[in-house]
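The primary structure of each chain is shown beneath.
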Amino acid sequence: MVLIRQAQIWDIAESKVTSEKNYWNRRRFLKTLAGAGMAASIAPLTACSNRSSSAKTALEATLNLPEIDSFRKNPAFANLQRPITDRKLAGQYNNFYEFGGTKTIWIDAQKLPTENWQVEVTGLVKNPRTYDIDQLKKEFPLEQRIYRFRCVEAWSMVLPWIGFPMQKLLAAVEPSPKAKFVRFTSFYDPEITKGPGFHIGSLPWPYTEGLRIEEMANELAFFAVGIYGSELPKQHGAPLRMVIPWKYGFKGAKSIVKIEFVEEQPATYWNTIDSREYDFEANVNPSKPHPRWSQATEKFISTGPGLSWDIKETLPYNGYGEYVASLYS
Ligand code: MTE
């Protein structure tokens, strides 16, 4: 997510992003890997209006998934006074570094094998359990929540997730009083994913994220199994991902296979790569600049199908202070 340069991240053309092979040295490579990926995630917006019709059809195919027939629309998370981001923009504007750092991640991510998906819940809990994804969907009633989504790179969207509050899982597995943190691990198989970090064994794969247990217990913390009324597309982190709307987007690990309750703060992917740029807490905060850019405003991807930026003031906790500020007092 980092690149040494003068321009804002959204000004970087993909062709200007330095290639992996020129930065074999680990430290420089890490900077490049991260920057390349993030810059690439910006690039599709400028490119999307030129997409060929076959690419459009291919994109549609990745998004046209079975509808989720039974969920309630949670009225508490319905009206954000901002339009919902176009489904196709959101579906081609992704980060999923396991599959690479290019602007074609929505294509590469289709390699993700989602059949017979299981999620292991383990560690300091009374009721450890391995769930089939269908069991999870049946056991925890599904609801739709329209949340703001804010990337650390200062772009933002509004997305209609379908899923269930993390609180429900906590109630089912009953963490022990010793459990202070939770580690979430994403799917990783180097034979399948072959992302840009694959050739450098020292990158901290698999992708992991972590929360304090009180954060996981907050009513906003959410597991998504769907978006826009349908099952989650692979590029969005099928079949189960984290959505933590008051934190920067990198905290929302995709394609979760393991949830582990632990005593100590766990090492996480981006924080291990660069703790100064990606702190563990990572709450959206307009008055705390990223080391290389301001977080005071954001570029809101307002409508679709073409690109339309709208500069907005960044809100503390991404506008969710009434729910979460007390966690940090
Ligand atoms: N989870 C995994 N496993 N791998 C990733 O590369 N990228 C993160 C987060 N979760 C990432 C991940 C980042 S940097 C962002 S901004 C969001 O996913 C992007 O989510 P989206 O692609 O659904 O918009």
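The rules behind the values
- Residues numbered from 1 in each chain as written.
- Predicted model: local features only at pLDDT ≥ 70, side-chain atom pairs only at ≥ 80, totals over all residues.
- Heavy atoms only, no water.
- Pairing = 2+ DSSP bridges.
- Helix = DSSP H or I, 4+ residues; strand = E, 2+ residues; numbered from the N terminus.
- Axes fitted to C-alpha atoms, helices over the stretch in contact; angles between N-to-C directions.
- Near = heavy atom within 4 Å.
- Polar contact = N/O pair within 3.5 Å; in protein donor to acceptor, adjacent residues only side chain to side chain.
- Areas by Shrake-Rupley, 256 points an atom, 1.4 Å probe, with all protein chains shown as cover.
- Nonpolar A, V, L, I, M, F, W, Y, C, P; charged D, E, K, R; others polar.

**Concerning the sheet that holds strand β3 (residues 129-132)**
Taken in spatial order, the 5 strands make up an open sheet running β3-β2-β11-β6-β7, and their pairing is mixed. Since the sheet does not close on itself, it has two edges, and those belong to β3 and β7 (208-212), each with one partner. Here the average twist between neighbouring strands, direction ignored, is 15°. In this sheet, β3 lies alongside strand β2 (residues 118-123) in antiparallel orientation, the contact comprising 4 bridges. When the sheet's bridge partners are listed, Q118 is paired in β3 with D132.

**What to know about the site of the ligand**
Taken together, 20 residues are adjacent to the ligand, and Y97, E98, R241, G252 and K254 come closest. For the ligand, an oxygen atom lies 2.8 Å from a polar atom in the backbone of Y97. Take G252: an N or O atom from its main chain is 2.8 Å from a nitrogen atom of the ligand. With the chains in place, 100% of the 530 Å² that the ligand exposes on its own is no longer accessible. Taken together, the residues of the shell around the ligand break down into 10 nonpolar, 7 polar and 3 charged.

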